[in-house]
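# Structural overview
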Amino acid sequence: MSAFLRLEGLVKRFDAVLAVNEVSLSLERGEMLALLGPSGSGKTTTLRLLAGFESPDAGRVIVDGEDVTRVEPVARRFGMVFQHYALFPHLDVGENVAFGLESAGVRGDELHTRVARALGLVDLAGYERRRVGQLSGGQQQRVALARALAPEPRVLLLDEPLSNLDPTLRERTRREIRELIRRVGITTVLVTHEQDEAFDLGDRVAVLRSGRLEQVGTPEELYSAPANRFVGGFVGRSSTLDVIVVHAGPDATRVNIEGVEWTVETAPGVPPPAAGAAVMLVRPESLRVTAPGAGALTATVTARRFVGPSALLTLRTERGTLVEAAAPPAAARVGEVVGVLLSRRNGAGVHLFQGEQA
Amino acid sequence: MTTRLRRSWPAVGLLLVLVWLIVYPIALVLLEGLRGPDGWGLHYVRIFLERPTEWSALWGSLWISLASVALSAAIGLPLAFLFARYDFPGVRVLGTVVALPAVLPPLVGVLAFLFLYGETGFVSLLLQKVFGLQEAPWRLQGAGAVLLVHAYSMYVYFYLFTRAALASLDASLLEAAASLGARKWRAVRRVVLPQLYPAIGGAALLTFMTSLGSFSAPYIFGGGFRVMTTQIVATRLNGDNELAMVETISLTLLALLALAVLRGTHAPDTPAGGRKGVAPARVVIRSRKARLGLAGLAWGLAALLLLPHLTLLLVSFVPAGTWTVEPVPPVYTLGNYVTLLHDPVRARPLVNSLWLATAATAVAVAVSIAAGVLSVRRRVRGGRVIEALLALPWAVPGTVFAIAIATAFSVNAPWAGRVILVGTIWILPLAYLVRNLPITSRAVLAGFRGLDPSLDEAAASLGAGRARALRRVTLPLLRPALLAGASLAFVTAFGDFVTSIMLYTYDTRPVSLEILSSLRQADVGVAAAYGVVLMLVSAAVFAVGADSGSAG
């Protein structure tokens with residue numbers, strides 16, 4: 001099946017800064033892709049290249065077989081929801097939603113019907129004559145969505161759609177956006193720096209760093225098989241430890257960490273690492289805390305935080321490395337000296353990367 | 001995001017027009033001044049340097065401007081604190097009244113002072129009668145008179161700027177200072193004053209430049225006291241054209257020097273809507289005596305400040321030839337206004353000023369919008385230069401521009417970009433346009449900067465082309481800025497005297513010139529009636545501008 005939206009080797013340079021560096025992605029029709037990355041990773045620039053607000057120094061944007069790289073935003077038929085919504089403050093809700101339809105030449109009764117339909121879609125039926133300034137943040141965001149969707153664009157672009165909302169509103173709005181977009185079935189690209197949002201909204205997630213695409217995949221893939229230490233560290237909680245690979249076998253690898261040897265399961269499909277220095281990335285749930293003893297890493301509990309049914313312990317090893325481990329709430333108190341071990345089934349939560357420093 | 005500069009042909013076109021209208025005429029003045037009786041040389045520069053009268057005129061311009069700044073600050077700053085920080089009966093109404101000298105165009109203010117404090121003015125006659133004096137208690141002439149008029153009309157800058165800055169002060173900053181243990185005076189000195197510096201600096205700069213370019217007051221009241229603006233006009237009337245050019249250059253240099261020195265105190269504009277927090281509450285005066293005292297003082301002050309306006313109104317009802325020796329005019333009719341409307345010769349200047357100011361303002365607004373689109377929106381190459389050129393006429397006194405434009409457009413040499421406009425009806429609108437550009441562009445460019453650029457992008461992503469986005473999104477949102485800039489520019493052009501006196505033709509004679517000639521024919525009633533019209537139009541236009549500003 002050929003892709004509906006393709007980004008081919010996009011490059012964008014601002015003076016000396018390479019903001020987007022050879023980014024290629026493709027989306028199926030109706031797919032929702034999240035661009036995830038820290039600030040300065042190039043995710044917003046990538047979105048603006050898609051919208052046509054910036055033109056790339058190299059590469060192409062292809063939608064439905066048509067090369068739109070040099071097509072002006074006006075003619076691109078991509079809907080966009082801006083981070084601060086960019087609702088026109090001098091127009092009311094109905095006029096805002098009608099704006100794109102009027103550009104397309106829709107007039108009269110059809111205009112009214114389609115504005116009403118778009119507002120109904122976001123649960124704001126009957127809000128046509130409200131002033132934009134009278135709406136709550138969540139309502140403004142829904143108007144922005146309705147305005148972007150009303151002209152039936154080919155692709156929907158969302159720039160940090162939840163960053164402007166109250167934390168208490170975010171989860172509900174996230175759910176609403178997800179349902180709405182599934183229902184409309186529109187191909188969507190969204191930008192976010194929140195992993196939760198990316199994982200919840202995106203069918204697939206593209207992780208960007210310094211303008212480069214580090215990895216693209218489903219949330220499960222990113223979590224259980226991060227391509228590198230950055231992706232592993234950016235996606236979910238984890239700690240990194242400097243280790244030495246002592247022996248690498250097809251099923252298990254033995255590593256030496258601060259003088260203690262641990263056995264790491266080799267994940268299926270991952271080639272075993274070479275002997276030598278490596279960085280180990282470990283999820284809190286893949287560690288367990290016991291009494292200090294042979295085979296265990298000795299560490300002091302420096303902080304304890306309750307996360308639902310378990311506690312998240314911050315531990316300091318004898319060499320000063322900080323490690324996070326999940327444990328039952330009563331497992332240890334702050335200040336206590338404990339032993340740290342790998343969980344028995346640890347394949348999904350432990351990753352070894354070579355050629356990178358901790 | 002870093003700035004990207006784009007090449008753009010419209011920008012090149014605009015740049016060329018601005019260079020042709022603003023830089024080129026001044027450059028021509030410079031060249032003319034460097035021409036001696038026999039070819040290039042410093043002949044006239046030498047004459048200028050050798051004459052003590054030239055030096056004293058230059059010195060007069062400088063010191064009167066510095067003194068105007070000092071005196072205006074001394075009046076305006078306490079008033080700003082009084083009306084922004086204290087609460088007493090009538091504080092809101094009086095707060096507006098205090099700004100009313102701004103609705104008097106320079107020449108009209110001078111006229112009112114003449115009727116009030118001149119040799120046969122109301123106040124002078126009153127004092128003469130009360131104290132049984134043989135002659136008027138003073139003569140409204142010389143540097144003192146000029147300074148008085150300047151202070152009256154220019155303290156408003158200090159008052160308005162500082163009051164606005166005080167109103168936008170964040171109360172939590174004062175609370176923070178208090179919570180850090182700062183006593184009241186220390187909080188004012190360390191927290192409040194530093195935040196007012198940009199406003200005070202801006203007012204000082206504006207007062208200095210206005211006063212340096214001031215012409216009406218020294219022209220009417222100067223007497224033996226010469227400043228450079230009046231000196232230039234006198235020299236030109238004597239036919240010493242080249243010397244007038246050198247004088248023009250000296251005044252320009254003085255203005256640019258002052259701008260360079262004072263620029264440091266003039267911080268950039270605060271972004272529109274950048275105001276955060278809540279303004280500190282007004283201090284409520286509890287003591288009954290203090291409240292009454294303060295209110296009495298404020299009302300007295302307001303009466304004093306409104307005297308010129310009232311005088312003008314009163315005199316405008318006095319028919320010609322009915323008021324000779326009486327201290328107060330004996331007869332009042334609407335005759336002068338009827339004359340203004342029905343006598344075609346008398347009505348003409350009103351029509352002239354109206355269309356001249358409207359045309360100049362409309363073109364200035366259009367140019368400012370083009371500059372905003374190119375420089376702020378599309379960030380074209382050369383945008384900064386366009387903005388600097390638009391601001392330049394503000395730094396150059398009106399007399400200088402009048403001379404420069406008269407020089408540039410008095411020769412027919414199309415290959416050199418010069419055509420004869422002097423003596424045609426086009427010279428005045430052109431001069432007004434150049435003088436209006438800094439006023440409108442300042443407001444309009446600030447408006448563009450205050451717009452969220454993603455609104456434009458939103459319009460584009462919704463399929464609106466440039467024209468539709470401009471018409472449906474940008475211009476409606478810029479309305480307050482456009483109205484503010486246009487109203488200020490219109491008022492300036494409508495009451496203009498300084499450029500008009502050098503460039504007007506009989507067919508385009510503006511109101512200010514008609515006031516002057518009425519005054520010379522001792523037709524004070526008609527002169528006052530013209531003044532009242534100018535005053536009312538200014539007030540109405542300001543009200544529109546201010547209203548849209550607060551609504552936006």
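Below you will find a few notes about this structure. Since this is a predicted model, take the numbers as computed values, not measurements.

### A closer look at the overall build of chain A
Counting its regular elements, chain A contains nine helices and 20 strands. Along the first, second and third principal axes, the C-alpha set of chain A runs to 80 × 45 × 40 Å. Put simply, 65% of the contacts in chain A that link residues at least 6 apart link residues at least 24 apart.

### A word on the nonpolar core
Most often, soluble globular proteins keep nonpolar side chains buried together rather than apart. Ala146(A), Leu157(A), Leu111(B), Ile405(B) and Ala431(B) are the most contacted members of the largest nonpolar core, which has 229 residues in total. With 15 residues, helix H20 (residues 466-494) of chain B is the single largest residue contributor to this core. Residues within four places of Leu111(B) in sequence aside, it is in contact with Leu312(B), Ile515(B), Ala527(B), Ala528(B) and Gly531(B). In terms of nonpolar packing, the next biggest core, distinct from the first, is built from 31 residues, Met280(A), Leu342(A), Val350(A) and Leu352(A) among them.

### Considering helix H3 (residues 52-85) of chain B
When the terminal C-alpha atoms of H3(B) are compared, their 49 Å separation across 34 residues agrees well with the 50 Å that a helix rising 1.5 Å per residue should span. At Ala73(B), H3(B) shows its maximal bend, which comes to roughly 25°.

### Topic: the sheet that holds strand S9 (residues 204-209) of chain A
Residue and element names in this part refer to chain A. Here we have six strands laid out as an open sheet, ordered S6-S7-S8-S3-S9-S10, and mixed in their pairing. Here the strands that pair on one side only, and so sit at the sheet edges, are strand S6 (78-81) and strand S10 (212-217). When the angles between neighbouring strand axes are averaged without regard to direction, this sheet yields 20°. Here strand S3 (residues 32-36) pairs with S9 via four bridges, running parallel. Residue pairing in the sheet places Ala34 in a bridge with Val205 of S9. Contacting S6 and strand S7 (155-159), helix H5 (residues 137-149) crosses the sheet at an angle of about 170° to S6.

### Re the packing of helix H19 (residues 453-461) of chain B against H20(B)
Residue and element names in this part refer to chain B. Contact geometry of H19 with H20 gives a least axis separation of 10 Å together with a crossing angle of 140°. On the basis of the axis angle, H19 is oblique to H20. Judged by the twist between their axes, the crossing of H19 over H20 is right-handed. For the pair formed by H19 and H20, the contact residues are Leu455, Asp456, Ala459 and Ala460 on the first element and Ala469, Val473 and Thr474 on the second. Of the residues contributing to the contact of H19 with H20, the split by class is five nonpolar, one polar and one charged.

### Re the environment of Pro393(B)
All names here are of chain B. In this structure, Pro393 sits in helix H16 (residues 383-395). Separated by 45 residues in sequence, Pro393 and Pro438 place their C-alpha atoms 6.4 Å apart. Contacts of Pro393, omitting those with residues within four sequence positions, involve Ile22, Phe401, Val434, Arg435, Leu437 and Pro438.

### Quick word on the sheet that holds strand S1 (residues 5-14) of chain A
The strands that make up a sheet are held in pairs by hydrogen bonds between backbone atoms, and each pair lies either parallel or antiparallel. All names here are of chain A. With antiparallel pairing, the four strands of this open sheet are ordered in space as S2-S1-S4-S5. Both edges of this open sheet fall to strand S2 (17-27) and strand S5 (66-67), since each of them pairs with a single strand only. Sheet analysis places strand S4 (residues 58-63) next to S5, joined by two bridges and oriented antiparallel. Counterpart to Ile62 in the pairing with S5 is Asp67.

### Section: unusual backbone geometry
Excluding glycine, residues mostly carry a negative phi; peptide bonds, for their part, are mostly trans. If you check the backbone angles, Glu22(A) has positive phi at about 55° while not being a glycine. Among the structural elements, Glu22(A) can be located in strand S2. By C-beta crowding, Glu22(A) is classed as partly exposed, having 14 other C-beta atoms within 10 Å. Located in the positive-phi region is Ala522(B), a residue other than glycine, with phi close to 60°.

### Focus: the interface of chain A and chain B
At the interface, 20 residues of chain A touch 17 residues of chain B. Mapped by element, the contributors of at least two residues to the side of chain A that touches chain B are helix H2 (73-76), S6 and helix H3 (93-103) of chain A. Its residues placed into classes, the side of chain A that touches chain B shows 13 nonpolar, five polar and two charged.

### Here we look at the packing of helix H5 (residues 106-117) of chain B against helix H13 (residues 288-316) of chain B
Residues and elements named next belong to chain B. At a closest axis distance of 9 Å, the pairing of H5 and H13 adopts a crossing angle of 80°. Between H5 and H13, the interaxial angle falls into the category roughly perpendicular. Within the contact between the two elements, H5 uses Gly109, Leu111, Ala112, Phe113, Phe115 and Leu116 and H13 uses Leu307, Pro308, Thr311, Leu312 and Val315. Of the residues assigned to the contact of H5 with H13, the class counts are nine nonpolar, two polar and no charged.

### Some points on the environment of Tyr152(B)
All names here are of chain B. Along the polypeptide, Tyr152 turns up in helix H7 (residues 143-167). By the C-beta count within 10 Å, which is 21 here, Tyr152 ends up buried. Taking the C-alpha atoms as reference, Tyr152 lies 8.8 Å from Ile75; in sequence the two are 77 residues apart. Contact partners of Tyr152, with chain neighbours within four places excluded, come to Pro101 and Gly109.

What counts and what doesn't
- Residues numbered from 1 in each chain as written.
- Chains lettered and ligands numbered in written order.
- Predicted model: local features only at pLDDT ≥ 70, side-chain atom pairs only at ≥ 80, totals over all residues.
- Helix = DSSP H or I, 4+ residues; strand = E, 2+ residues; numbered from the N terminus.
- Contact = placed C-beta atoms within 7 Å.
- Core = buried A, V, L, I, M, F, W, Y, C linked by C-beta atoms within 7 Å.
- Buried ≥ 20, exposed ≤ 12 C-beta atoms within 10 Å, placed from the backbone.
- Expected span 1.5 Å × (residues − 1).
- Bend = angle between axes of the 7 residues up to and from the residue.
- Pairing = 2+ DSSP bridges.
- Axes fitted to C-alpha atoms, helices over the stretch in contact; angles between N-to-C directions.
- Parallel < 35°, antiparallel > 145°, perpendicular 65-115°, else oblique.
- Left-handed = near helix turned anticlockwise from the far one by under 90°.
- Nonpolar A, V, L, I, M, F, W, Y, C, P; charged D, E, K, R; others polar.

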